[in-house]
Protein chains: 2
Amino acid sequence: MSRLRGSVTIDDVARHVGVAKGTVSRVLNNYTDISDETRKRILKAVKDLGYQPSATARNLKRGRQDTLGIIIPVGHGNGADPFLSEFIDGIARALDELDLDLLVTTAHSREHMIESLERLIARRKVDGFIVTRTEVNDPRIAYLQERNFPFVAHGRTANPSGYAWYDIDNEAAFAEGVRHIYSLGHERIGLVGGTLELNFARQRREGYRQGLKDLGVKHDPDLETIQTVSEKGGILGAEELLALDQPPTALLCATDALAIGAVQYCRKIGLKAGADVTVIGYDGLPVGEYLDPPLTTFSQSAQEAGGRVARMLTDILDGKSPTSLQELSKADLIRRASDGAPAKTPAALATALRERLKDQPYSGNKGE
Amino acid sequence: MSRLRGSVTIDDVARHVGVAKGTVSRVLNNYTDISDETRKRILKAVKDLGYQPSATARNLKRGRQDTLGIIIPVGHGNGADPFLSEFIDGIARALDELDLDLLVTTAHSREHMIESLERLIARRKVDGFIVTRTEVNDPRIAYLQERNFPFVAHGRTANPSGYAWYDIDNEAAFAEGVRHIYSLGHERIGLVGGTLELNFARQRREGYRQGLKDLGVKHDPDLETIQTVSEKGGILGAEELLALDQPPTALLCATDALAIGAVQYCRKIGLKAGADVTVIGYDGLPVGEYLDPPLTTFSQSAQEAGGRVARMLTDILDGKSPTSLQELSKADLIRRASDGAPAKTPAALATALRERLKDQPYSGNKGE
DNA sequence: CGGAGCACCAAAACCGATTTTGTTGACTTA
DNA sequence: TAAGTCAACAAAATCGGTTTTGGTGCTCCG
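Residues numbered from 1 in each chain as written. Chains lettered and ligands numbered in written order. Predicted model: local features only at pLDDT ≥ 70, side-chain atom pairs only at ≥ 80, totals over all residues. Heavy atoms only, no water.

A. Quick peek at the overall build of chain A. On a plain count of helices and strands, chain A comes out with 13 helices and 12 strands. The C-alpha radius of gyration computed for chain A amounts to 27 Å, which surpasses the reference 21 Å derived for 368 residues by more than 25%, pointing to a less compact arrangement than a globule. For chain A, the C-alpha atoms occupy an extent of roughly 90 × 45 × 35 Å along the three principal directions. The proportion of buried residues among the 368 residues of chain A is 54%. Accessible surface, chain A: about 15700 Å² in total, of which carbon and sulfur atoms supply 50%. If you average the places of the 47 positive and of the 50 negative side-chain charges in chain A, the two averages end up 6 Å apart. (Helix = DSSP H or I, 4+ residues; strand = E, 2+ residues; numbered from the N terminus. Rg over C-alpha atoms; globule rule 2.2 N^0.38 Å. Buried < 20%, exposed > 50% of the residue type's maximum accessible area, 1.4 Å probe, protein only. Areas by Shrake-Rupley, 256 points an atom, 1.4 Å probe, with all protein chains shown as cover. Lys, Arg positive; Asp, Glu negative; His and termini not counted. Charge placed at Lys NZ, Arg CZ, Asp CG, Glu CD.)

In structure tokens form, the structure reads like this:
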């Protein structure tokens, strides 16, 4: 009965009922100038024949695709960003309700991203884009703005005006992080930051500095390190900061991935996160709950963010002004167990570390 | 210069050159009955005007979308499956080279999945599907087979004939896992399995049993537990097995998520994975490397699998027979540090456990 | 009673490509 | 030299919808 390619078309329905195909279309699109009787007959035929309009044909005429695009950055083989997969999940859920679809593409470089944008726009495969992991000067946003193509950014740029965005108040979160750590009794607080092209990394560093300033703690540049946003970066960052003469007793990390690496490094050199060193991450990744110790972090519900961003984009497509759609949300501190009062003074920590590192100098992250 | 909606069409190009639009199309599609001179002029105009054909219009005529679909199952708020995000990454990378796109949808129930399939097929938004996490009797596969719609499954079903699939030899892997654990000196080996609707869960259990049989170890049904595939399930599974009078000294887990939960439970009751209890997972999740202890697991490179599956699907769309596309791959044991020789006999372990549990009965997985 | 107004729907145009069919002039070939 | 062949393109049909334009018959109204 259900031959594949010979899908039932609007002509089949029209013929079956004995009306013009335009009439069928009008019924399906809720026009009012159709008699009740005809409407019923058509609706019945639609149901009987199992007719569903072809998205392609409809889109051709309407000039819309009912599809949103997202381009996710990927490194070289180092796996997907766990934050992004949650984010996509959130988007997809929201779109399901709105009856839209999501086109996912990956890009391995900045240039490749722009290429992909161009391609998808030129071929008219999507109506709008969701841009993630914004950079301070983001070429994607510049491109989309110039082309005047609808999009919503998750995260801001250096100049966050003129386009729609959804972001977390990164400054506030990290200022709070500093305050929290300080209240636990820490005086030397380190920052394992992310590369500064990433806007959120810059903002979190700003929040870190502001937090210190608010507390009247002198800012020591040595306590800041910048690393690529990955577990590996976290290892390197922790190693660098803990090797200081006056090491920090707490590490505030720009992302959970960095924090996971930092915790791993601590473990490696015989330090217990949460007891000997406080480590705090950011992202609220589910897996953080199952680490040892469970990771204290900031949650920003990637899923919720995805849903929110998707809805903002559909608002834009419905004609809303992008500038009216700028939303700043708050991140919540989720206390688990990787933070605590400092066990040692920085000086004591330093001598203890020197002892330990003599015995077992750190060498990569392989098992022994 | 670049007005958005007024994208340049094939008519613009034709007019610009002074030929019929059909001629432009023929040039772009490499027909031979065009003079070299005309071809050059048209190509130049295409470049000058920056013309790119509308995917929609092309698809309408051709009946193809150059888009593949994937429907990912999601639970209720418990986050994305990390395995799937890697998998999608692999697919997207492969499709990038093939100049195809990927449409991602989520579904929260079995019915919803079929609905989504129906919708995407009826509206002709995709040319084929990739089906993941196959079940023993998978309604999606049944549906797609019945509709005769192109698809490739990642994983098999009870009757894996008549369609294209890519799978890991789950039996072999788990038999090897048992062999490995046994060679470390363990005699009582537990299985934390996944729900048996999932085909891979069933196969891995089969491999576990076969492995024991090969070694001449008597199969004790008490040593098997079935849990939902999540960290939570891992906690429950470990709790159940370790509470036995004769508890296992090693836990073979159907997925990394289960293993992560199992490790967490061990930690909670004062047991160290890798030393006191051996825990082995399956999936090769990157995060496993940063756990304490780093997780011993089976790798099946989700990324590679994604790429492979995508290419198989395009082969089918190019006319290859699905039945000729069935590929069984091998999983590799990645030894990290969650496995090791048993520290205690099962009996000794049991008494030690009874001691510990008296003091601090386990109660959920919240921080203290 | 003639024309305006309306309800209802048929017919045709259109979206932007691909593909089929037709046409023209030059060149063979018998 | 008339008929046939072929290269090279124009013109039209087509894909499956949406939207615009055009009737038709009926009612209403001055």
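Moving on from the coordinates now.
B. A look at the protein's contact with DNA strand D. Every one of the 28 residues lining DNA strand D counts as a neighbour, but Ile10(A), Ser25(A), Tyr51(A), Ser35(B) and Thr38(B) are closest to it. Of everything in DNA strand D that lies within 4 Å of the protein, sugar and phosphate atoms constitute 60%. Interatomic distance of 2.8 Å between a side-chain N/O atom of Thr23(B) and a phosphate oxygen of DNA strand D. Of all the elements in the fold, those that place two or more residues in the surface near DNA strand D are helix H2 (21-28) and helix H4 (55-62) of chain A together with helix H4 (55-62) of chain B. Grouping the amino acids of the surface near DNA strand D by side-chain chemistry returns 11 nonpolar, 10 polar and 7 charged. (Near = heavy atom within 4 Å. Polar contact = N/O pair within 3.5 Å; in protein donor to acceptor, adjacent residues only side chain to side chain. Nonpolar A, V, L, I, M, F, W, Y, C, P; charged D, E, K, R; others polar.)

C. Structural detail: the relation of the copies chain B and chain A. Mapping chain B onto chain A leaves a residual RMSD of 0.2 Å; the transformation is a rotation of 180° accompanied by 0.1 Å of translation along its axis. What we have between these two chains is a two-fold relation. Using C-alpha coordinates, one finds that chain B approaches the rotation axis most closely at Leu103(B), a distance of 2.2 Å. Take the interface residues of chain B: 100% of them recur as interface residues in chain A, which is what a same-surface contact looks like. (Least-squares fit on C-alpha atoms with pLDDT ≥ 70 in both. Contact = heavy atoms within 4.5 Å.)

D. Structural detail: the pattern of salt bridges. Here the structure, examined in full by the defined rule, presents 41 salt bridges over all chains. Counted as one network, the salt bridges with shared partners bring together Asp99(A), Asp101(A), Arg119(B), Arg123(B) and Lys125(B). (Salt bridge = Lys/Arg side-chain N within 4 Å of Asp/Glu carboxyl O.)

E. Region of interest: the sheet that holds strand E6 (residues 189-194) of chain B. Residue and element names in this part refer to chain B. Ordered in space as E7-E6-E8-E9, the 4 strands form an open sheet in which the pairing is parallel. With partners counted over all chains shown, the strands left at the sheet margins are strand E7 (224-227) and strand E9 (278-280), one partner each. For this sheet the average axis-to-axis angle between neighbouring strands, irrespective of direction, equals 20°. In this sheet, E9 lies alongside strand E8 (residues 250-253) in parallel orientation, the contact comprising 3 bridges. In the sheet register, Leu251 faces E9, and the bridge partner there is Val279. Sheet contacts for helix H9 (residues 199-215): E6, E7 and E8; angle to E6, the most-contacted strand, approximately 165°. (Pairing = 2+ DSSP bridges. Axes fitted to C-alpha atoms, helices over the stretch in contact; angles between N-to-C directions.)

F. How the structure looks around the protein's contact with DNA strand C. Residues in contact with DNA strand C amount to 26 residues; listed here are only the nearest, Thr38(A), Ile10(B), Ser25(B), Tyr51(B) and Ser54(B). Near-protein atoms of DNA strand C (within 4 Å) split between backbone and bases, with sugar and phosphate holding 61%. Between DNA strand C and the protein, one listed contact pairs a phosphate oxygen with a backbone N or O atom of Ala20(A) at 2.7 Å. Within the contact set of DNA strand C, a phosphate oxygen lies 3.0 Å away from a side-chain nitrogen or oxygen of Thr23(A). The set of elements that each furnish at least two residues to the surface near DNA strand C consists of H4 of chain A together with helix H2 (21-28) and H4 of chain B. Residues that form the surface near DNA strand C fall into these classes: 10 nonpolar, 10 polar and 6 charged.

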